[in-house]
Amino acid sequence: MRRGIYLWGSLLLALSLVLSACGGDGTSSNDSGSAQNGSKSGGTLIYGRGSDSLSLDPINVTDGESIRVTQNVFDTLFTYDKNLKLKPDLATGYKVDGSGRTYTINLRKNVKFQDGTDFDAKSVVFNWNRWSDPKNPYHNGDFPYYSFLYGGFRGDKNHLVESVKATGKYTVQIKLKKKTAAFISYLSVSMFGIASPSAVKKYGKDFKEHPVGTGPFQFVSWKRNDTITLRKNKYYWEKGKPYLNKLIFKVIPDNSARLSALRSGEIDLMDGLNPSDADSVKSNQQLQLIKRPSFNMSYIAMNTQKKPFNDPKVRQAVNMAIDKPAIVKAFYSGMAVPAKNPVPPTLWGYNDSVKDYGYHIKQAKKLLAEAGYPKGFHTTLWTMSNPRPYLPEPQKIAEAIQADLAKIGIKINVKSYEWSTYLDKTTAGEHTMALYGWTGVMADPDNFLYPNLSGTETKKPASNIAFYQNKEVTHLLEQARVTLNQHKRIELYKQAQSIIHKDAPWVLLAHTTQPIAMSAKVKGFEPHPMETDALEKVYLDQ
């Protein structure tokens, strides 16, 4: 997630604590600006975003808007830096025994949760028991990432974890039932933020609205569909951080309205900038433009369990009828490339030998006729109402797809839903076609392929919203998980991508380089490819 410099001088630490105490829960004079007299500490950053979070319990979320907040409240055992290199976070290191199945993880000492209780090995075991055991009194929710990474829950036949126990005050032993290539990477996933056992016990099912972790910022309040307010965590283990007194996430659904709010000073930083507005931001001396390294994909998922999308010829025809380069040119302003694989080209294991379908109207019509639809058919394309990093203008992109498919006789009704409803309905499989996207949360092909395209992930609420089931693909993905040799894993992933391409459960659209706009006074912001931005290093200069 984060982590930078460890130690600062005692003067800066004392000053930061004084400013934090003065600010309290409300806004003080120090909140208006921070880099006064050479200090980086103090101030309030307002982060404008397109939609609200769904939950603030990290183990129960998979959407970016929830993760954007929880990653600032919780820490994980390991994390990826901005160069996608794995490093310790709440852990300090690990070793694995000769069997390749038993991991001993050493933990950071002198860390406190935001409620003042101590972080130690028992805390990690408590969290793991909560995640893994459906009978645990605090196992409230679906916990989808635990289930798909670890083969289900405790008691399930394919559950990967044999035992988790504290072997010392700051040492945890995790024993797996079989070798797992990406296991340490799993521990970096933001869903596995370590929660305060005391707070989980105190709030129970309501913990999702009262999150308590060890991260740089502490939860204050949540006004639904408006703001989530965090304040500086006075117990934060990285001395001198965070610099900000307060961090506010503000919902402004429309991209243009959000940019207007940035220009007027109502917010300090925004995501979801329309690529077409990038030049105007760049030319404004009061603003600055930066680009997030690409680590995502946008796509259309076709529900393979519903007619006519149960026929691969129909799905291939749809792929050939959509002019992806034109869509990228029209709506991404040079900040995206057309996609052909369900893995970003910057990630190892990418199969560049796959040849994209291309834009071929005549061939698409021929395939439709062979499938029994010579005159096309009627269907519905779903899209979210709010912009996403991989879909900056979802409604307009849906309308462009609608126009393309009309050329082969497929008449599309475009239907949109607000974000939380959209997720509920698509994971329940109510759609026939749906615009979607994915941003990686770990630098491993498993994170892109397994949740989205493995046949094991079609149980509702499904992460595989194409409800695509190919036994060979699922076998290859399962095999790659237990293969420790990376070269062999690469070959397995390449094979899987070739089959997926032929089966065409998706139309891959684009890999985006997301433009981010912010006030010129915002300093220290480093966009992370996974969108796990290090906001504890951000400060205000004015």
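Refer to the structure printed above.
Since we're looking at a predicted model, the values are computed, not measured.

### Structural notes on the overall build of the protein
Helix and strand content of the protein: 16 helices and 21 strands. Radius of gyration (C-alpha) of the protein: 23 Å, near the 24 Å computed for a compact globule of 542 residues. If you line up the protein on its principal axes, its C-alpha atoms span 75 × 60 × 40 Å. Burial status across the protein gives 61% buried among its 542 residues. In the protein, which carries 71 positive and 50 negative side-chain charges, the distance between the mean positions of the two groups comes to 3 Å.

### Quick notes on the sheet that holds strand E1 (residues 44-49)
The strand order E8-E9-E10-E1-E11-E19-E12 describes an open sheet built from 7 strands, whose pairing is mixed. With partners counted over all chains shown, the strands left at the sheet margins are strand E8 (217-223) and strand E12 (287-291), one partner each. Here 2 bridges tie E1 to strand E11 (residues 269-270), and the two strands are oriented parallel to one another. Note on E11: the bridge partner recorded for Tyr47 is Leu269.

### Quick word on unusual backbone geometry
Between Lys241 and Pro242 the backbone carries a cis peptide bond, its omega angle lying at -10°. Within the secondary structure, Pro242 sits in the loop between strand E9 (227-232) and strand E10 (246-251). Cis rather than trans, the peptide bond between Lys460 and Pro461 has omega equal to 0°. Checked against the element boundaries, Pro461 lands in the loop between helix H14 (445-453) and helix H15 (471-481). Positive phi, normally seen in glycine, also occurs at Phe143, with a value near 50°. Here the phi dihedral of Glu531 falls at roughly 70°; this positive angle occurs in a residue that is not glycine. Looking at where Glu531 falls in the secondary structure, it is placed in the loop between strand E20 (522-523) and strand E21 (539-540).

### A short note on the sheet that holds strand E15 (residues 377-384)
Strand order in the open sheet formed by 6 strands is E14-E18-E13-E17-E15-E16, and the pairing between neighbours is mixed. The sheet is open, and its two borders are formed by strand E14 (336-338) and strand E16 (410-417), each paired with just one other strand. Taken pair by pair, the neighbouring strands of this sheet meet at an average axis angle of 25°, ignoring direction. Where strand E13 (residues 296-302) lies against strand E18 (residues 506-512), 4 bridges are found, and the strand directions are antiparallel. By the bridge assignment, Ile300 is partnered in E18 with Val507.

### Describing the packing of aromatic side chains
Each aromatic ring pair is characterised by the separation of its centres together with the angle its planes make. In total, this model carries 30 aromatic pairs according to the counting rule given. Seen in terms of ring centroids, Tyr47 and Phe249 are 5.5 Å apart; in terms of plane orientation they differ by 35°. Their pairing is tilted. Highlighted residues: Tyr47 in strand E1 and Phe249 in strand E10, separated in sequence by 202 residues. The buried category is assigned to Tyr47, whose relative accessible area is 1%. Owing to a relative accessible area of 0%, Phe249 belongs among the buried residues under this scheme. Here Phe309 and Phe377 contribute two aromatic rings whose centre-to-centre distance is 5.8 Å and whose plane-to-plane angle is 80°, an arrangement assigned as edge-to-face. Of the two residues, Phe309 is situated in the loop between E13 and helix H9 (312-321) and Phe377 in strand E15; the sequence distance between them amounts to 68 residues.

Rules and cut-offs
All residue numbers here refer to positions counted from 1 along the written sequence of the relevant chain. Two thresholds apply to this predicted model, a pLDDT of at least 70 for residue-level local features and 80 or more for giving and counting side-chain atom pairs, whereas whole-chain, interface and lining totals are computed over all residues. Water and hydrogen atoms were dropped before computing side-chain values, which therefore reflect all heavy atoms in the structure. Strands are runs of DSSP state E lasting at least two residues, helices are runs of H or I lasting at least four, and both sets are numbered from the N terminus onward. Computation of the radius of gyration draws on C-alpha atoms alone. For the globule rule, the value is 2.2 Å times the number of residues to the power 0.38. Type-normalised accessible area, obtained with a 1.4 Å probe on protein chains alone, sets the label of each residue: buried when under 20%, exposed when over 50%, and partly exposed for intermediate values. Counted charges follow a simple rule, with Lys and Arg positive, Asp and Glu negative, and His plus the chain ends left uncounted. To locate a charge, take atom NZ for lysine, CZ for arginine, CG for aspartate or CD for glutamate. Strand pairing follows a simple DSSP-based rule, namely that at least 2 bridges must link the two strands. What counts as an axis is a line fitted to C-alpha atoms, over the stretch in contact for a helix, and the angles between N-to-C directions run from 0 to 180 degrees. To pair, rings of Phe, Tyr and Trp, with the six-membered ring standing in for Trp, must have centres within 6.5 Å; the planes then decide the type, stacked if under 30 degrees apart, edge-to-face if over 60, and tilted in the middle.

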